[in-house]
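# Survey of secondary and tertiary structure
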Amino acid sequence: MEEGNHTVVTEFCLQGLSHTWGLELLLCALLLLFYAIILPGNILIIGTILKDPRLASPMFFFLANLAFMDICYSCITPPKMIANFFTGRRTISYRGCMAQLFFIHFLGGAEISLLMSMALDRYVAICHPLRYVTVVTRFVSCVLVVASWAAGFMHSIVQLILIIPLPFCGLSKLDNFFCDITQIIRLACTNTYTLELVMFVNSGLVSTACFILLLISYGALLVKVRMGSSQGKSKASSTCVTHIIITFIMFGPAIYIYCHPFQDFPFDKVVAFFHTVVFPLMNPMIYTLRNKEIKVAMWRQLKKYKMWGNK
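All residue numbers here refer to positions counted from 1 along the written sequence of the relevant chain. Local features are withheld for residues below a pLDDT of 70 in this predicted model, meaning they are given only at 70 or higher, and side-chain atom pairs are given and counted only at 80 or more; totals for whole chains, interfaces and linings count all residues. Values reported for side chains reflect all heavy atoms of the structure, with hydrogen atoms and water molecules removed beforehand.

The protein has the name Olfactory receptor in an unreviewed UniProt entry, where Varanus komodoensis is given as its organism. UniProt positions are given in the numbering used here, feature names are shortened, and annotations may be inferred rather than shown by experiment. Of the comments in the UniProt record for the protein, the one headed Sequence similarities (unreviewed entry) reads "Belongs to the G-protein coupled receptor 1 family."

## Quick notes on helix H8 (residues 193-227)
Its 35 residues place the ends of H8 49 Å apart at the C-alpha level, agreeing with the 51 Å of an ideal helix rising 1.5 Å per residue. The term bend refers to the angle at a residue between two fitted axes, each drawn through seven residues, those ending there and those starting there. Numbering of helices and strands runs from the N terminus; a helix is a DSSP stretch of H or I covering at least four residues, while a strand is a stretch of E covering at least two. A bend of about 35° at Val201 is the largest found in H8. In this scheme, a helix's expected span is set at 1.5 Å multiplied by one less than its residue total.

## Examining the state of the cysteines
A pair of cysteine sulfur atoms is labelled a disulfide when the two atoms are within 2.5 Å. Taken as a whole and assessed by the stated rule, the structure comprises one disulfide. For Cys97, the disulfide goes to Cys179, at an S-S distance of 2.1 Å. Looking along the S-S bond of the Cys97-Cys179 disulfide, the torsion reads about -120°, which is the left-handed sense. Remark: Cys179 occurs in the loop between strand E5 (173-174) and helix H7 (181-187) and Cys97 occurs in helix H4 (residues 94-127); sequence separation between them is 82 residues. By the burial criterion, Cys97 is buried, and Cys179 matches it. Here Cys13 stays unpaired: no disulfide links it, and the sulfur of Cys179, its closest cysteine neighbor, is 11 Å away. Here Cys259 is not disulfide-linked; the sulfur of Cys210 is the nearest cysteine sulfur, at 11 Å. A 1.4 Å probe rolled over the protein chains alone gives each residue an accessible area, and that area as a share of the maximum for its type sets the label: buried under 20%, exposed over 50%, partly exposed in between.

## Details of the packing of aromatic side chains
The rule is short: rings of Phe, Tyr and Trp, with Trp giving its six-membered ring, pair when the centres are within 6.5 Å, and they are stacked under 30 degrees, edge-to-face over 60, tilted in between. Tallied over the entire structure, the rule returns 15 aromatic pairs. Ring plane angle 80° and centroid distance 5.1 Å describe the contact between Phe102 and Phe103, whose orientation is recorded as edge-to-face. On the accessibility criterion, Phe103 (40% relative accessible area) is partly exposed. Between Phe211 and Phe251, the ring centres sit 5.9 Å apart and the planes meet at 40°, which makes this aromatic pair tilted. Here Phe251 lies in helix H9 (residues 233-259) and Phe211 lies in helix H8, a separation of 40 residues in the sequence. Of the two residues, Phe211 and Phe251, neither departs from the other in class, the shared state being buried. Joined through ring pairs, the aromatic side chains of Phe68, Phe102, Phe103, Phe106, Trp149 and Phe153 make up one cluster.

This is how it looks when you write it as structure tokens:
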């Protein structure tokens, strides 16, 4: 169906991670194994934080929300990738493509905002410990989480509104395993320079600015912790280092993907795979492995379930 020189696109063809069937089979098997191990672990983290009254502090409330966001984020692209592999089809509908694009940036933007909120929480806890309970209340924590979701929605809806009117010509092939702005814009048969600039600022520069700001803030907090008294120094330092690790994991791939020109580069698919599938599920696990309180609470919950099972 044609309108002038433009094609009304009803679906896109996804080229996948590899053109080698054996390699794609291996990746799908690893992905399923990864989900079978890590996904229940993240669900356990959320359940532990919600059920254990000792983990009622804002820090763990934010962590539970981070784990929930990461679970949702990592479930956007893999189901379609696995389904396409087993059915032999490599297509995604236009609406499905727009949905992927929207939710990737919705949840990605929400996570960035949540990480900023977590940095603010640590700043108050370390720099104003006596006022922490009165400043970062449950209400304030909920407001920050809702604001994070709202910021992610605004970030994503702007990009979707700009993408939908684009005209397309010829074959609609996306050289990746999911839909994203970097691939969609390449298919448009119109001058996209202004749009690419807007997307670069909205995704690339904003991510870079937040990344630098977080590193500076956590670096300053680490310096303050090192110069402070020995009481609680180790715990505060470990928390700041954990946040720095998560910041690198979250922002590194995003900056690589959205800060270079909208052209194909050798490692684009690999970085995109880790950014959208692997890293999101690992963030809460990294936090858990470095936090003694939540590890102890998880063991308590597991022992409790075991005792109930033996009755």
